[in-house]
Amino acid sequence: MKLNGNGDRRSLLRFTTAGSVDDGKSTLIGRLLYDSKSIFEDQMEHLEQSSRRLGKEETDLSLLTDGLRAEREQGITIDVAYRYFATPERKFIIADTPGHIQYTRNMVTGASTADLAVILVDARKGVLEQTIRHSFIASLLDIRHIVFCINKMDLVDFSESVFKDIRTDLAGVADKLEIEDPHYIPISAKKGDNVVEPSGNMGWYKGKTFLRFIETVEINKSKNGVSPRFPVQTVIRPQSSEHHDYRGYAGRVAGGTFRPGDEVVVLPSMLRSSINSINVYQKNVNEASSGDSVAITLNDQIDAGRGSLFVPPDEMPVSSNEINLMACWFNETPLRPNGRYIVRNYSCEANCSIKSVNYKMDINSLEKNFNDSLLTMNDIAHLTITTSRPLFFDPYKENHITGSLILVDETTNETVAAGMITE
Amino acid sequence: MNINNEHLKELENEAIFVMREVAAQFERKVILFSGGKDSIVLVHLAKKAFWPARMPFSLLHIDTGHNFEETLKFRDNLASELGVELLVRYVQDSIDKGRVTEEQGVNASRNKAQSVTLLDAIEELKIDVAVGGGRRDEEKARAKERFFSHRNEFGQWDPKNQRPELWNIFNGRKNMGEHFRVFPISNWTELDVWQYIMSERILLPSLYYTHKRKIFKRNDVFLAWAPFMKLKPTEEVFETEVRCRTIGDITCTGVTLSAAQTLEEIVSEIAATRVTERGGRYDDKRSEAAMEDRKREGYF
Ligand SMILES: Nc1nc2c(ncn2[C@@H]2O[C@H](COP(=O)(O)OP(=O)(O)OP(=O)(O)O)[C@@H](O)[C@H]2O)c(=O)[nH]1
Ligand SMILES: [Mg+2]
């Protein structure tokens, strides 16, 4: 992650929508882009045409992100759509995700790279199971900034008491999930109230509009800043006469800062060396920090390749062949309790088997259920896996890159689960 | 400009990361090279990602036969300068072999036929990954695409059943006969691409800069004229100052009336524009889900 000169205000913010089906996520994104004049003329023309074709009375702004044929037919979002826009303050990458429970895996896909989540609630319906599920997923993914938008205020007469009641319920959820500093904004995505312009209908609300909020929220320096981590993706060996002895370890810094001269331990071989140079294309640079794609050369010829991790000798990650994690299950085929899977943790791959399902989360109560170990699609559970060889990792809360993993089914090759390492 | 450079750096880091994942996870790798700015940017990123080694990709051009002469020269020069293998497969060959039939009439385009030639090339050359310059901001079906996009044994995309893609962990595992399309610049906008070209001083075919050209107007879009193109009686060819915002098959590439001579001028023109670049692509105007349908069949 990158900071600009003004401290913690980043110039690029990635955010995701979340919340139950039909709560107005796609309409909010459409409204945001429309009112901030970010929709192009031909896109607008297209939206108007499609709305007419679908028999709508007015232009349906949700069609801006609901771009698949099936989505337009059914009026729901099926997969994440990415949209881009900029204001003088910031650039935004938006992931508009589906609310339908069947497509939770796509919501997790969109949310996994977000700095901020906007969770919508229909003012008429209040907090629903999906609201809680998505809030829970956002907190598991450790998305640091959560803003709840209480939407469709136009359908409840812009009532302050409706807003306050829902806010109280949401605060209870946020509390249980240990969400820090949640925000609440009453909006009408359809009419535009408090999206870009302050609402004339809700004089009682004194806070920021949604746009103002996402423009000004300080995205904290990610914790990926703590311990230096460098996962190797591939080895660059030109074998040309000019660069005959060059051996660069290509990768993207996954935490902290590396400098030429730094001592490193290369995992899993545990061999020590020091950094000779850090290359960004033809340039040698003085340092590489979290997020930088570079090539590193070492002062010793040692065994390292894809899956290796460079770390400082005094800040070693955890090493174990038993890993505890919170997992979101994505596949129609339930978890096979004694099944074998492939685990991918950064560039490192191993075989694994499921040792135990420790507990399953009951979404409505947010309680742990220790008596149910059948993990089916969209379930969230705490697992222990055993890997074929020790892996090197950090808890997810400390490092989102070395602390995250996916499980892949050996026969179908599908990604069946996302995992966040707990310890 | 400070803010912009910082976000360009982040986009570049991301794209290089994706390129390197491709290098590590696949065997027979190609960059789909059309001669347009996005594929030129891809090649530039690949050059940076593997320096000082040669990029581990061949360039694959699916040639519709309806090219701007200059892009072919540009393509050949680029390949030889980089020392990478250039593979060209011709839509005309697919037509001659009866793999596809040529569309007829004034709106005839070889756009759809390209998918067949591409899939045949993928099979013939045993390609397991094709890296493309598709961007999510281009079109509403593209906005749904993953970085690593799985294709079944028929080369088809199933937008309703895409693999989850968590964080930056890309799962490129597949069965025999399947392949992947990978889009390293998924998160770039048109403006990002131009700003990047400007900041990296990337060489482009001069078609992107304002020049004199014979054009005509069809369905509110200015199209470049070429001798093989069929005109409607009402359509009139005239010469004026234009530049291309995208370059593809001549028959569906709209041109922009413009006076922009330098990258700086192009960047300010793009920053102020009120229509998307595909607003000038005739192929997308065919139906509501034209792009989705083509992509399902195996299009770029
Ligand atoms: N009256 C009113 N209707 C709204 C508002 N926001 C959204 N809607 C309507 O609610 C319906 C669902 O909106 P969408 O934006 O598609 O909902 P969504 O949350 O994106 O739904 P999924 O993506 O399928 O989960 C549409 O008919 C919208 O027009 C609002 O503020 N007021
Ligand atoms: Mg939606």
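Residues numbered from 1 in each chain as written. Chains lettered and ligands numbered in written order. Predicted model: local features only at pLDDT ≥ 70, side-chain atom pairs only at ≥ 80, totals over all residues. Heavy atoms only, no water.

(A) Highlighting the overall build of chain B. Looking only at helices and strands, one finds eight helices and ten strands in chain B. With the principal axes as the frame, chain B shows a C-alpha extent of 55 × 50 × 40 Å. In chain B, which comprises 300 residues, the share counted as buried stands at 65%. Sequence-distant contacts in chain B: of pairs separated by 6 or more residues, those separated by 24 or more amount to 74%. Surface accessibility of chain B: about 11400 Å² in total, with carbon and sulfur atoms responsible for 49%. Here chain B contributes 46 positively and 48 negatively charged side chains, and the mean placements of these two sets differ by 1 Å. (Helix = DSSP H or I, 4+ residues; strand = E, 2+ residues; numbered from the N terminus. Buried < 20%, exposed > 50% of the residue type's maximum accessible area, 1.4 Å probe, protein only. Contact = heavy atoms within 4.5 Å. Areas by Shrake-Rupley, 256 points an atom, 1.4 Å probe, with all protein chains shown as cover. Lys, Arg positive; Asp, Glu negative; His and termini not counted. Charge placed at Lys NZ, Arg CZ, Asp CG, Glu CD.)

(B) Local environment of the state of the cysteines. A full pass over the atoms with the stated rule returns zero disulfides over all chains. There is no disulfide at cysteine 348 of chain A, and the cysteine sulfur nearest it, in cysteine 352 of chain A, is 12 Å away. (Disulfide = S-S within 2.5 Å.)

(C) Structural context of the site of ligand 1. Residue and element names in this part refer to chain A. Lining the immediate surroundings of ligand 1 are 20 residues, of which Lys25, Thr27, Thr77, Gly99 and Asp154 lie closest. Separating an oxygen atom of ligand 1 from a backbone N or O atom of aspartate 22 is a distance of 3.0 Å. Asparagine 151 is positioned such that a nitrogen or oxygen atom in its side chain is 3.0 Å from an oxygen atom of ligand 1. Contact with the protein chains covers 87% of the free accessible surface of ligand 1, which is 650 Å². (Near = heavy atom within 4 Å. Polar contact = N/O pair within 3.5 Å; in protein donor to acceptor, adjacent residues only side chain to side chain.)

(D) Broad picture of the domain arrangement of chain B. Residue and element names in this part refer to chain B. You can read the domains of chain B as domain 1 (6–192 + 288–297) and domain 2 (205–283). Here the C-alpha centroids of domain 1 and domain 2 sit 23 Å apart. Taken together, the contact between domain 1 and domain 2 spans 29 residues of the former and 28 residues of the latter. Where domain 1 abuts domain 2, roughly 2300 Å² becomes buried across the two surfaces, and 55% of that area is made up of carbon and sulfur atoms. Counting the contacts that link domain 1 with domain 2 gives one salt bridge. Between arginine 245 and glutamate 190 there is a salt bridge; the shortest N-O distance is 2.7 Å. Only helix H2 (37–50), helix H3 (69–82), helix H6 (190–200) and helix H8 (290–297) provide two or more residues apiece to the side of domain 1 that touches domain 2. Each residue belonging to the side of domain 1 that touches domain 2 can be placed in one class, and the counts come to eight nonpolar, twelve polar and nine charged. (Domains from an automatic or database assignment. Buried area = accessible area lost by both parts, 1.4 Å probe. Salt bridge = Lys/Arg side-chain N within 4 Å of Asp/Glu carboxyl O. Nonpolar A, V, L, I, M, F, W, Y, C, P; charged D, E, K, R; others polar.)

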